[in-house]
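Observations on the model geometry
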Amino acid sequence: METKNQTGVAEFLLLGLSEDPEQQPLLFGLFLTMYLVTVLGNLLIMLAIGSDSHLHTPMYFFLSNLSFTDLCFSTTTVPKMLVNIERRSKSISYTGCLTQVCFVLLFAGLENFLLAAMAYDRYVAICHPLRYVVIMNPCLCGLLILLSLVISSADALLHTLMVLRLSFCTELEIPHFFCELDQVIKLACSDTLINNILVYLVTSILGGVPLLGIIFSYTLIVSSVLRMPSAGGKYRAFSTCGSHLSVVSLFYGTAFGVYISSALTHSSKETAIASLMYTVVPPMLNPFIYSLRNRDVKQALSISPNCIIMADSC
């Protein structure tokens, strides 16, 4: 097959979830609604945290950053898909595709590290409550956010620059609604061994280490809670972790769903649906999970009733 250098690639084609013209208005309405709910929910979470002094705690500092990350994560993929559906177009420029790859990796990695930081925050709050204010000081919280951003940015830039060295075939159809790194690499006609090794190696390290940190934190949390003599104390301790555990389960559950789908099925449609669940659903549901759980953590974090009402409205 004839190949051409990346400088000659004008655009990629995003096939999306369906090519049936009759389904396009339904898909447009569905994803527009999901995106608006995502934007509204995460903006309200950030507004509630920023406007109420009772929520100026490390836990809610990380939550506001998580909401911002979710908002950016969804904005990286959904608007372009909506534009393509509205214009009845499938194209995305070469530069736009690589930019999308970079930002998807950036915000996915950032969410991964933020969830690990939030798990550490819960560990300190439950296992070392008397030292919580000293350990989780503003300097440490800011450093954790900065470190997460630097590592995620380096990872995203590494993979994006490695894609730049590839040459692509004439068939540039991506069976997804956004430019996913794995699908872009599959379109290359040049040797992709280094790219694939980097994907598996870096993903295993940067995905596995935070996950192990979360598991280790909750192992210590459960061990500490089980030693509490009071049933009420156990309930209050576990209730402070309920929202975070739900978000972690949703994020990693959909991520593993994408991996299993791509490994076990050759259906591009099923893989695209799995990727949709990973990139669109968690950012939309996270604000609801935390707002619905606010009453459970009200006593532990001294959250005012007014802020609870504001959070519940999303």
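Refer to the structure printed above.
The shown structure was predicted, so the numbers you read here are calculated from the model rather than taken from an experiment.

1. A short note on a nonpolar patch on the surface
A contiguous nonpolar surface patch, about 470 Å² in accessible area, is contributed by Leu 193, Ile 197, Leu 201, Ile 205 and Val 209. Summarising the element assignment, Leu 193 is placed in helix H7 (residues 193–226).

2. A few points about the packing of helix H3 (residues 94–127) against helix H5 (residues 138–164)
Contact geometry of H3 with H5 gives a least axis separation of 8 Å together with a crossing angle of 150°. Relative to H5, the element H3 lies roughly antiparallel. Relative to H5, H3 is oriented so that their crossing is right-handed. Class assignment for the residues of the contact of H3 with H5 results in 20 nonpolar, 6 polar and no charged.

3. Points about the packing of helix H2 (residues 58–87) against H3
For any two helices packed against each other, one specifies the inter-axial angle together with the distance between the axes. As a packed pair, H2 and H3 sit with axes 9 Å apart at the nearest point and diverge in direction by 160°. On the basis of the axis angle, H2 is roughly antiparallel to H3. In this structure, the crossing between H2 and H3 has a hand that is left-handed. Looking at the contact of H2 with H3 residue by residue, the classes come out as 16 nonpolar, 5 polar and 5 charged.

4. Here we look at the layout of surface pockets
A volume near 1,200 Å³ is recorded for the largest pocket. Of all elements in the fold, only H3, H5, helix H6 (181–186), H7, helix H9 (242–264) and helix H10 (268–279) reach the threshold of two or more residues within the lining of the largest pocket. Top element by residues in the lining of the largest pocket is H7. It accounts for 10 residues. Residues that form the lining of the largest pocket fall into these classes: 22 nonpolar, 15 polar and 4 charged.

5. Considerations on unusual backbone geometry
Of note in this structure, Arg 88 is not a glycine but carries a positive phi near 55°. Here Arg 88 lies in the loop between H2 and strand S3 (91–93).

6. Digging into the pairing of strand S2 (residues 11–14)
Alternating residues of S2 divide into Phe 12 and Leu 14, all buried, and Glu 11 and Leu 13, none buried. One ladder, built from 3 bridges, connects S2 with S3; its direction is antiparallel. Along S3, the bridge assignment pairs Leu 13 with Ser 91. In the sheet, S2 pairs with strand S5 (residues 173–174) via 2 bridges, with the strands oriented parallel. By the bridge assignment, Leu 14 is partnered in S5 with Ile 174.

Rules and cut-offs
- Residues numbered from 1 in each chain as written.
- Predicted model: local features only at pLDDT ≥ 70, side-chain atom pairs only at ≥ 80, totals over all residues.
- Heavy atoms only, no water.
- Patch = residues over 30% accessible without salt bridge, like charges linked within 9 Å, V, L, I, M, F, W, Y side chains within 5 Å.
- Areas by Shrake-Rupley, 256 points an atom, 1.4 Å probe, with all protein chains shown as cover.
- Salt bridge = Lys/Arg side-chain N within 4 Å of Asp/Glu carboxyl O.
- Helix = DSSP H or I, 4+ residues; strand = E, 2+ residues; numbered from the N terminus.
- Axes fitted to C-alpha atoms, helices over the stretch in contact; angles between N-to-C directions.
- Parallel < 35°, antiparallel > 145°, perpendicular 65-115°, else oblique.
- Left-handed = near helix turned anticlockwise from the far one by under 90°.
- Nonpolar A, V, L, I, M, F, W, Y, C, P; charged D, E, K, R; others polar.
- 1 Å grid on protein atoms, 1.4 Å probe; cavity = no way out; pocket = protein on both sides within 12 Å on 5 of 7 lines; lining within 4 Å.
- Points joined across faces, edges and corners; volume = space filled by probe spheres on them.
- Buried < 20%, exposed > 50% of the residue type's maximum accessible area, 1.4 Å probe, protein only.
- Pairing = 2+ DSSP bridges.

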